[in-house]
Amino acid sequence: MENHTNQLIVKGINEGLMLILPDGEWEVVCSDIKERINSQSTFFKGADVYIDVASRDLRVSEIADLRDLFGSFEIRMRGLLSFSEITQKNAKSLGLDISMPQKRIKKGKKPDALNPNEGSAFLVQKNVRSGIRIEKEESIVIVGDVNPGAEIISCGSVFVWGKIKGKITAGANGNEQAVVGALFIENSQISIAGIMRIFTKQSQNSNGSAPLILKIQNGEIVADNIKS
Amino acid sequence: MTGKTITITSGKGGVGKTTVTVNLAVGLGLRGKKVVCIDGDIGLRNMDVILGLENRIVYDIVDVVEGRCRLKQAMIRDKRLPDLFLVPASQTRDKNSITPEAMIRLCEEIKSEFDYVLIDSPAGIEQGFKNAIAPADQIFVVTNPEVSAVRDADRIIGLIEAEEKGPASLIINRINSAMVNRGDMLTQNDVNELLAIDLIGLIPEDENVIISTNKGSPIAFEGKSKAGRAFLNLAARVEGDMIPFNEIEGKDNFLEKVRKLFG
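Residues numbered from 1 in each chain as written. Chains lettered and ligands numbered in written order. Predicted model: local features only at pLDDT ≥ 70, side-chain atom pairs only at ≥ 80, totals over all residues. Heavy atoms only, no water.

1. Brief notes about the pattern of salt bridges
Residues and elements named next belong to chain B.
Reasoning step 1: Enumeration according to the criterion identifies 25 salt bridges over all chains in this entry.
Reasoning step 2: Where Asp241 meets Arg31, a salt bridge forms, and the shortest distance between an N and an O atom there is 3.3 Å. Taken together, the residues Asp241 in the loop between helix H11 (226-238) and helix H12 (254-262) and Arg31 in the loop between helix H1 (17-30) and strand E2 (35-39) connect sequence positions 210 residues apart.
Reasoning step 3: Judged by relative accessible area, which is 26%, Asp241 ranks as partly exposed. (Salt bridge = Lys/Arg side-chain N within 4 Å of Asp/Glu carboxyl O. Helix = DSSP H or I, 4+ residues; strand = E, 2+ residues; numbered from the N terminus. Buried < 20%, exposed > 50% of the residue type's maximum accessible area, 1.4 Å probe, protein only.)

2. Re the packing of helix H7 (residues 147-162) of chain B against helix H9 (residues 188-195) of chain B
Helix packing geometry: the angle between the two helix axes and the distance between the axes.
Residue and element names in this part refer to chain B.
Reasoning step 1: Look at H7 against H9: their axes get within 10 Å of each other, and the N-to-C directions meet at 35°. The interaxial crossing formed by H7 with H9 has right-handed handedness. Residue-level inspection shows Val150, Ala153, Asp154 and Ile157 of H7 in contact with H9, the latter providing Val191, Leu194 and Leu195.
Reasoning step 2: Here the contact of H7 with H9 is built from residues that sort into 6 nonpolar, no polar and 1 charged. (Axes fitted to C-alpha atoms, helices over the stretch in contact; angles between N-to-C directions. Left-handed = near helix turned anticlockwise from the far one by under 90°. Contact = heavy atoms within 4.5 Å. Nonpolar A, V, L, I, M, F, W, Y, C, P; charged D, E, K, R; others polar.)

3. Topic: the nonpolar core
Buried together is how nonpolar side chains tend to be arranged in soluble globular proteins.
All names here are of chain B.
Reasoning step 1: Counting 38 residues, the largest nonpolar core has Leu118 and Val238 as its most contacted members.
Reasoning step 2: It is H11 that contributes the most residues to this core, 7 residues altogether.
Reasoning step 3: Apart from residues lying up to four places away in sequence, Leu118 is in contact with Ile6, Ile8, Thr21, Leu24, Ala25, Leu28, Val35, Val36, Cys37 and Ile38. (Core = buried A, V, L, I, M, F, W, Y, C linked by side-chain atoms within 4.5 Å.)

4. Considerations on the interface of chain B and chain A
Reasoning step 1: Listed by partner, the interface residues are 11 residues for chain B and 11 residues for chain A.
Reasoning step 2: When the two sides are added together, the surface that chain B and chain A hide from each other amounts to roughly 940 Å², 38% of it contributed by carbon and sulfur.
Reasoning step 3: If you sort the residues of chain B by the area they bury against chain A, Asp154(B), Arg155(B) and Leu194(B) come out on top, with a joint share of 46%.
Reasoning step 4: The tally of links between chain B and chain A comes to 4 salt bridges.
Reasoning step 5: Where chain B packs against chain A, one counts 7 residue pairs in polar contact (both at pLDDT 80 or more).
Reasoning step 6: When residues of the side of chain B that touches chain A are assigned to their parent elements, the largest contribution, 6 residues, is made by H7(B).
Reasoning step 7: Its residues placed into classes, the side of chain B that touches chain A shows 5 nonpolar, 1 polar and 5 charged. (Buried area = accessible area lost by both parts, 1.4 Å probe. Polar contact = N/O pair within 3.5 Å; in protein donor to acceptor, adjacent residues only side chain to side chain.)

5. A closer look at the UniProt feature "domain: CobQ/CobB/MinD/ParA nucleotide binding" (unreviewed entry) in chain B
Reasoning step 1: Taking the numbering used here, the UniProt-annotated feature "domain: CobQ/CobB/MinD/ParA nucleotide binding" (unreviewed entry) corresponds to residues 6-219 of chain B.
Reasoning step 2: As annotated, residues 6-219 of chain B has a helix share of 39% and a strand share of 18%, and its two end C-alpha atoms lie 20 Å apart. (UniProt positions renumbered as here; feature names shortened; annotations may be inferred.)

6. Considerations on unusual backbone geometry
All names here are of chain A.
Reasoning step 1: Phi is positive for Glu74, which is not a glycine, with a value near 60°.
Reasoning step 2: Unusually for a residue other than glycine, Ala193 sits at a positive phi of about 50°.
Reasoning step 3: Mapped onto the fold, Ala193 is located in the loop between strand E12 (188-192) and strand E13 (195-199).

7. What about the state of the cysteines?
Reasoning step 1: Applying the stated rule across the entire model yields 0 disulfides over all chains.
Reasoning step 2: This cysteine, Cys69(B), is not joined by any disulfide, and Cys107(B) carries the nearest cysteine sulfur, 15 Å off. (Disulfide = S-S within 2.5 Å.)

8. Concerning the sheet that holds strand E8 (residues 151-154) of chain A
All names here are of chain A.
Reasoning step 1: One open sheet accounts for 5 strands, arranged E6-E8-E10-E12-E13; its pairing is mixed. Across the chains shown, the open sheet's two edge strands, defined by having one partner strand only, are strand E6 (133-136) and E13. Direction aside, neighbouring strands of the sheet carry axes that sit 10° apart on average.
Reasoning step 2: Strand direction decides the pairing type here: strand E10 (residues 167-170) and E12, joined by 4 bridges, are parallel. Note that in E12 the partner of Ala170 across the bridge is Ile192. (Pairing = 2+ DSSP bridges.)

9. Concerning the UniProt feature "binding site: ATP" (unreviewed entry) in chain B
Residues and elements named next belong to chain B.
Reasoning step 1: The sites that UniProt annotates as "binding site: ATP" (unreviewed entry) are Lys12, Gly13, Gly14, Val15, Gly16, Lys17, Thr18 and Thr19.
Reasoning step 2: Secondary-structure assignment places Gly16 in the loop between strand E1 (4-9) and H1.
Reasoning step 3: Here Gly16 falls in the buried class, since its relative accessible area comes to 16%.
Reasoning step 4: Every residue in contact with Gly16, bar those within four places of it in the chain, is listed here: Val142 and Asn173.

10. Here's the deal with H11(B)
Residue and element names in this part refer to chain B.
Reasoning step 1: Between the first and last C-alpha of H11 there are 19 Å, a value that for 13 residues agrees with the 18 Å anticipated at 1.5 Å per step.
Reasoning step 2: Along H11, the residues that are buried comprise Ala227, Gly228, Arg229, Ala230, Phe231, Leu232, Asn233, Leu234, Ala235, Ala236, Arg237 and Val238.
Reasoning step 3: Phi for Gly240, located one or two positions after H11, is positive at around 100°. (Expected span 1.5 Å × (residues − 1).)

11. Looking at helix H3 (residues 60-72) of chain A
Residue and element names in this part refer to chain A.
Reasoning step 1: Its 13 residues place the ends of H3 18 Å apart at the C-alpha level, agreeing with the 18 Å of an ideal helix rising 1.5 Å per residue.
Reasoning step 2: Regarding H3, the residues found buried are Glu62, Ile63, Ala64, Leu66, Leu69 and Phe70.
Reasoning step 3: Looking at the buried side of H3, the elements it contacts are strand E2 (16-20), helix H1 (26-39), strand E3 (48-52), strand E4 (76-81) and helix H4 (85-93).
Reasoning step 4: Just beyond H3, the residue with positive phi is Glu74, at close to 60°.

12. Things to note about the domain arrangement of chain A
Reasoning step 1: Considered domain by domain, chain A is made up of domain 1 (9-93) and domain 2 (112-225).
Reasoning step 2: Centre-to-centre separation of domain 1 of chain A and domain 2 of chain A, based on C-alpha positions: 38 Å. (Domains from an automatic or database assignment.)

13. Observations regarding the packing of aromatic side chains
Reasoning step 1: Summed over the entire model, instances satisfying the criterion amount to 2 aromatic pairs over all chains.
Reasoning step 2: Seen from their ring centres, Phe43(A) and Phe44(A) are 5.2 Å apart, and the 80° between their planes marks the pair as edge-to-face.
Reasoning step 3: For Phe44(A), a relative accessible area of 2% corresponds to the buried category.
Reasoning step 4: Ring plane angle 80° and centroid distance 5.5 Å describe the contact between Phe85(B) and Phe114(B), whose orientation is recorded as edge-to-face. Taken as a pair, Phe85(B) in strand E4 (residues 84-87) and Phe114(B) in the loop between helix H5 (100-111) and strand E5 (116-120) lie far apart in primary sequence, 29 residues in all. Accessibility classification places Phe85(B) together with Phe114(B) in one group, the buried group. (Phe/Tyr/Trp six-rings, centres within 6.5 Å; stacked < 30°, edge-to-face > 60°.)

Next comes the structure, spelled out in C-alpha cells:
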C-alpha cells in the first residue's frame, strides 16, 4: 500500500489500474472519482481497478456504492486494499480481493519473487502461540518463539529469532533453495520442500548457542552454524 | 462505584480454575472488598459446593438472563463474608443458553455496585469460554506445572490476544516444591519462559485444599496453610501490592507478609 496523499492518484499496474484515494469526506472523494473518470472516460473504460483506501473504515453499503459507481462506467472493481480490518472484512463479504493477486508462477522459469534469498519477507514480532497458523507465499521472519502446536508455512525461507518448538514448513511449493534459520531448535518438526526432519531437544548440535541454519543437501535436511 | 471484572480461565480442565476463583474472592473479601463470583460453567456447576452454598440456590444465571428473576434474587450471600456473593450456574442448561452480550450486560450491572466481579470460565475454547472472556477487564490464566496444561494455556493466551483482551496474567497452581527440587516438575521459570506473560499468582500444592473443598470452606480462610497464604498474596497483588513470589521457598517472612497484608 502506498503513502497516503491528499489527491486521487491513478497508477498503471500489471492487473489494470490502481486508484489511491485521498483522505477527507467520503462523499467528496466519490465525486472526485466520478469527475476524474468523466474527464478520461475512454482511458478508464473496460479497466480492472484496485482501490487503495489506506486506513479508512468503509461500510458494506459504501463499498457497494463505489462498486456500482465504477460499474456505471463499465469499470470492474476487483479489489479493495486497506489497513482497516473493518474495511477488509466488508470488502471480503462483497467478494472483492483484499490483497493484490499473487503473481502467476511461469513454467520453466523461477520467478524472483520465489527466490528465498531475495525479495520481501513477512515479519512477525511476537511469540507464535499454540493453535496459531501463519501461511505466506513470501519468506517469514519471526522475532520471538514458535511454541509447540503453532505452524509456520512459507513458500520461501523461515527465520526464527528465538526458539523453534512448533512445526515449520519452508519451500512449501517444492523450492529446495529455501532454508530455515533459528537461534535454537527444540522438539519440533521441520520440513523444507517436502523433506521432513524431526528434532528433539537433544539433537541440537553440540556447539550450543550458535544460531543454526537448516538446508537441503543430498536429499536430506542438514544443520549448519550460520557463517559470518 | 465502578468495579473490575476478572475472568479466570485455563483451556485445560482440572487445573484449579474454580478453586482459584473462590479463594481469590475470599482473599479480596477478607480485605473488605465487595465481590461477586459468577460460575460460568453452565451445566457443570460446582462453585456453589466449594463455597458451601449448594443448598441455597433458588435462581441461577440463566434465570437472570432470561428474565425470570432480578439479579439480586440470584445473588447468594456467603455465610462468612457479608460482602461476598455467588451467582450460580444453571445445572440443567448448557453454555448456549447465554450470549457474550448478556454476560457483558450482567457484569456492567454488578460492577456499578461492587469492587470485583470474578468469572469462573469453563474449560475449553468454545461458547462458554467466549461468554466468560467477553466482559473481562482483566484475564488470569491458570495452569499447572505440567506440559499438557502449559500447552493449553498457550493456546488460550493466543485466543485472548486475538480477541484483544490481553495481556493476560498467569497463575501457576499446584507447584510441588519437593518435586521441583528433585527436577521432576516444571519450574516456575520453565512455565514462564514458554508462556511469556506476567506472573500474578504462585500456589503451592497443598492437600489441605482438598479437605477444605470437601468441607465447603475455602482454604483462603486458613491464612496459615501454604495454599491459603498464597491465595492471600494473590489477592494482595490483584489490589496492586508488590509482594515477592516466595510462596514456594518456605515460611521465612510469613509474619512480615501478614503485617503487610493487614497493616
